[in-house]
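What follows is the residue order along each chain.
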Amino acid sequence: MQVKAPRGTYDVLPPDSQKWQYIEQVIQETARLFGYSEIRTPIFEHTELFERGVGETTDIVTKEMYTFQDKSNRSLTLRPEGTASCVRALIEHSVYGGLMPVKWYYSGPMFRYDRPQTGRFRQFHQSGAEVFGSNSPYLDAEVIMFLVQILSNLGLRDYELHLNSVGCPLCRESYRQKLIDHISPVKEKLCIDCQSRYEKNPLRVLDCKVESCHQAIAGFPYIYDSLCDDCQEHYILVKATLEDSGINYLHDNNLVRGLDYYTNTAFEIHIPSIGAQSAVGGGGRYNGLVKACGGPDIPGIGFALGMERLLLALDSLPDREEPNSKLDVFLAVLDEKYDNQAMQVLDRLRKAKIMVDRDYTGRSMKAQMKYADKLGARIVILMGEDEVNRGCFTVRNMSSREQLEVQTEQLIPAIIDILT
Ligand SMILES: [Zn+2]
Ligand SMILES: [Zn+2]
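Here is what the cut-offs are and how they apply
Residues numbered from 1 in each chain as written. Chains lettered and ligands numbered in written order. Predicted model: local features only at pLDDT ≥ 70, side-chain atom pairs only at ≥ 80, totals over all residues. Buried ≥ 20, exposed ≤ 12 C-beta atoms within 10 Å, placed from the backbone. Helix = DSSP H or I, 4+ residues; strand = E, 2+ residues; numbered from the N terminus. Pairing = 2+ DSSP bridges. Core = buried A, V, L, I, M, F, W, Y, C linked by C-beta atoms within 7 Å. Contact = placed C-beta atoms within 7 Å. Domains from an automatic or database assignment.

## Description of the pairing of strand 5 (residues 102-111)
Two faces make up the sheet, and in a regular strand the side chains alternate between them.
Thinking step 1. Counted residue by residue, strand 5 has 7 buried out of 10 residues, so it is predominantly covered.
Thinking step 2. As defined by bridge partners, strand 1 (residues 37-38) adjoins strand 5 across 2 bridges and the pair is classed as parallel. Paired with Ser37 across the bridge in strand 5 is Trp104.
Thinking step 3. In terms of strand pairing, strand 5 meets strand 6 (residues 123-132) through 10 bridges, oriented antiparallel. Residue pairing across strands places Phe111 opposite Gln123, the latter belonging to strand 6.

Here it is, written out as structure tokens:
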């Protein structure tokens, strides 16, 4: 029986893997400029962490987690997102006792048992950032500027930034009742999940994914109109900072987060060119999360970017550059008695940071030249009896078709001369 990759997973083969490296490299470089350091957490955690850190009533936790018992009967779960693990690490290592704020970023695979469909996978990949220890609205602006800078460094400038404030527990207290009053008369039209949760947590109805729930509650009161003075002031400062930095946004009253630990700024980034599912990432403030996970009461904010969506967006760019996998130098060995010597030549060139390869399948001279061409070699070095006896190499520039004879000790400078 042929074994295939599990449903909802996929292999990244060359040359596609170069696109991944490119995106990860842009994220790393941008993170460095913004003062974020990388954190790497385990792929699996105790299930309880996600129940607390993602929310026991969310679809992710109730329906989509890869949960299993290990051989000691512990309940473990493949991480469905990145934030909960960062919060756990922050608490576990008392990182909050050091320099604040703590600014982290991460990249890696996440797992959700979702129905696989276009652009959705059971193993998918996210890069994100989390900052702990400051409630400054300027930090909210910085986090968004970081996200926007990543997109812009990738050449993705046609994005839409959706922005809202979901307030604080104080402003939500008065808002809750207004929302319940609006929902009660139409509660029969809601999905089963919403019917059972709307009284306890009416905000969850707002971010329900079921379309008929959205229609049923049309005209619902906006949290924006219930913001307390502090939350209004916070939101105004975030918006003003973005405006002064030349970042356009759309205030979006429909952008809400149903869980209690989300506070203030919420945002989403859309790239319309990738189609209906245009969100490539999003995030927001979660001042109640560290405490909800058993830590001290310190504020946090973060975002996550979907790598698969970013790749789609990059592929949709009209002037995208294909990854360059061309070889600098191909060493054609014309007699197998020089195989060992050839390995020393390869070694010398590689130590001089020259990208070089050779044939290992016993190709004829003619076939080696064809192979070099397929690899896109810019230079071919010929190493045959004549060359070895005279202590030199024949160096062929594949674009100009010029050929020259180079003494052994002049080989590296001659190659660098052609390549630059
Ligand atoms: Zn408030
Ligand atoms: Zn619903």
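## With respect to the nonpolar core
Thinking step 1. With 74 residues, the main nonpolar core has Ala129, Val143, Leu147 and Val205 as its most contacted residues.
Thinking step 2. Of the residues forming this core, the biggest block, 9 residues, is contributed by helix 5 (residues 137-153).
Thinking step 3. Excluding its chain neighbours within four sequence positions, the residues that come into contact with Val143 are Ala129, Val131, Gly283, Ile301 and Phe303.
Thinking step 4. Residues Leu331, Ala342, Phe393 and Leu411 belong to the second largest nonpolar core, which totals 19 residues.

## A closer look at the domain arrangement of the protein chain
Thinking step 1. Taken as a whole, the protein chain is organised into domain 1 (16-168 + 228-315) and domain 2 (329-415).
Thinking step 2. For domain 1 and domain 2, the distance between their C-alpha centres works out to 49 Å.

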